[in-house]
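# Remarks on the overall topology
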Amino acid sequence: MTSTTHRDAAEIGRTERGPRPVPELGAQRAAADLSHVDTTLGNGLRVLAVRKPTVPLVEIRLRVPFGGTEPLHSATAEVLAETLLTGTAHRDRVGIDTELALIGGDLNASVDPQRLSVNGNALAARLPTLLDVLADALTSASYADDEVARESDRLVERLAVSRTQPRVIAREALLRHCYGDHPVTREMPQAEDVAQVSPEAVRALHSAAVLPRGSVLVLVGDFDPEQVVGQVEAAVRDWSSPSAARIMPALPKLSGGDMLLVPRAGAVQSQIRFSAQAVPRTDPRYPALQLANLSFGGYFSSRLVENIREDKGYTYSAHSGFEFTGPSATVGVDADTANDVTAAAVLETRYELGRLAVVPPTAHEVASVRQFAVGSLLTSTASQTGLATQLAALASNGLGVEWLATHPERLAAVTVEEVAQAALDFFAPARFTGVVVGDAESLAPQLSALGGFTVGEPAAS
């Protein structure tokens, strides 16, 4: 390659007559027809098995509703998730790890206020072994004293580090501001609570709450769905209970109101978080709301990004998106900014919210976000991992493959007028509340001048 033959991107994009025209987008591909079985076993476990022979692997996602209101529930649940796969009545930690390694597999557990999650994968031909290890943990996890003590110590250390992170501080502040003392606010337990958790308490929680009835197991991979359901049923035949898994109490409806300035002395950056009530995926208005959100701040070419990132340079990353909690949904906006432009970024965010409501997305904007929404959905579900994760999220709210397959059609049917109505109904600034976490000494005068702010207690550090 020489300088006389090499052309850069700008040169390639132009001709003697001017810039090359951008080609029209091709016809949108239809969603794949996914062979699947969606059934509920006799023990109450819903099984969704989907054939996707991309590679000779299988992905599994188990979701167990895991709500709790007891003071130590969050801490005990975290320790349970950390130690669920450290030993059973039949295998110790080394035995579990070795057996999974021999099948090219992996299992890991996590928990949040809504659910206990177990994710895994393995060679498709070795799925029965993966299911056997999983069922063993579900029915006879031992929670040995030394394992609980070891993982509790590690968890305390991680919590101490996490709580120094600005994004974690902002997340906890936003949840407390919106929902008070609701269990959803306890995404991370307190270190002192974890230190109180005993092996006996973990075993008791497992016995009372790790239950099949109301839980969902999603499997995606290179297999016959009917055959896989039989394998699952055989593996979990001893996992049973007349009781149902515990669903977290419903969230109170979020209403707009003053934002809260959470002091964090000496911070050189601020975290801006807005939140408002939205509608779940099952609501007929959701497709229009999804497109309105994309126009506002849901992708890189959105109005908010163009304003406070590209035009004014207030933040490196601004974003809006949905959070689904049980039957409830919210739309959130987040950005991190330097202190000297925080108030200006808040002002511009409010401005863009108001502008979306009264100057709704144009036909061109709607066409662009529609293509992005459908394309990103198909891209995110192209792999076994992405499809399994997407289906697990849907299945937790009673949805399945049919919703996923037909959602592009719903997006295609949305009119410009429906997007405008969704923008007006859901993005009016008065519907939002939120928090700003940062140095109150430098931020309070300007935020107070904007109005709609109160000063809260200092952030824990």
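As the structure is a prediction and not an experimental result, all values here were calculated from the model.

The rules we used
- Residues numbered from 1 in each chain as written.
- Predicted model: local features only at pLDDT ≥ 70, side-chain atom pairs only at ≥ 80, totals over all residues.
- Heavy atoms only, no water.
- Core = buried A, V, L, I, M, F, W, Y, C linked by side-chain atoms within 4.5 Å.
- Buried < 20%, exposed > 50% of the residue type's maximum accessible area, 1.4 Å probe, protein only.
- Contact = heavy atoms within 4.5 Å.
- Salt bridge = Lys/Arg side-chain N within 4 Å of Asp/Glu carboxyl O.
- UniProt positions renumbered as here; feature names shortened; annotations may be inferred.
- Helix = DSSP H or I, 4+ residues; strand = E, 2+ residues; numbered from the N terminus.
- Phe/Tyr/Trp six-rings, centres within 6.5 Å; stacked < 30°, edge-to-face > 60°.
- Lys NZ or Arg CZ within 6 Å of the ring centre and 35° of its normal.

### Digging into the nonpolar core
Counting residues in each nonpolar core, the largest one holds 65 residues, and the members touching the most others are L291, L391, F427 and V436. Not counting the four nearest positions on each side in its chain, V436 is found in contact with M259, L260, L261, V262, S270, Q271, I272, T342, V346, L443, L447 and F453. Ranked by size, the runner-up nonpolar core spans 55 residues in total, among them V47, V79, A81 and L155.

### Topic: the pattern of salt bridges
Across all of its chains, the model carries 25 salt bridges by this definition. Between E310 and R309 there is a salt bridge whose closest N-O contact spans 2.2 Å. Residue classification places E310 among the partly exposed residues on the basis of a relative accessible area of 40%. By relative accessible area, R309 is classed as partly exposed at 22%. Linked through salt bridges whose partners overlap, the residues forming this network are R93, E147, R150, E151 and R154.

### Quick word on the UniProt feature "domain: Peptidase M16 C-terminal" (unreviewed entry) in the protein
Annotation from UniProt places "domain: Peptidase M16 C-terminal" (unreviewed entry) at residues 197-370. Helix makes up 41% of residues 197-370 and strand 22%, and the two end C-alpha atoms of the span are 49 Å apart.

### Some words on the UniProt feature "domain: Peptidase M16 N-terminal" (unreviewed entry) in the protein
Within the UniProt annotation, "domain: Peptidase M16 N-terminal" (unreviewed entry) is assigned to residues 47-187. The span residues 47-187 shows a helical share of 48% and a strand share of 21%, and its end C-alpha atoms are spaced 27 Å apart.

### Overview of the packing of aromatic side chains
Scanning all chains against the criterion turns up 7 aromatic pairs. Ring geometry for Y286 versus F324: centroids 6.0 Å apart, planes at 65°, classification edge-to-face. Residue Y286 is found in helix α10 (residues 286-298), and its partner F324 is found in strand β11 (residues 318-325); the two are separated by 38 residues along the sequence. When sorted by exposure, Y286 lands in the same class as F324, which is buried. Members of the aromatic cluster, each reached through a chain of ring pairs, are F274, F296, F427 and F432. Taking the ring centre of F324 as reference, the NZ or CZ of R281 above it sits at 3.9 Å.

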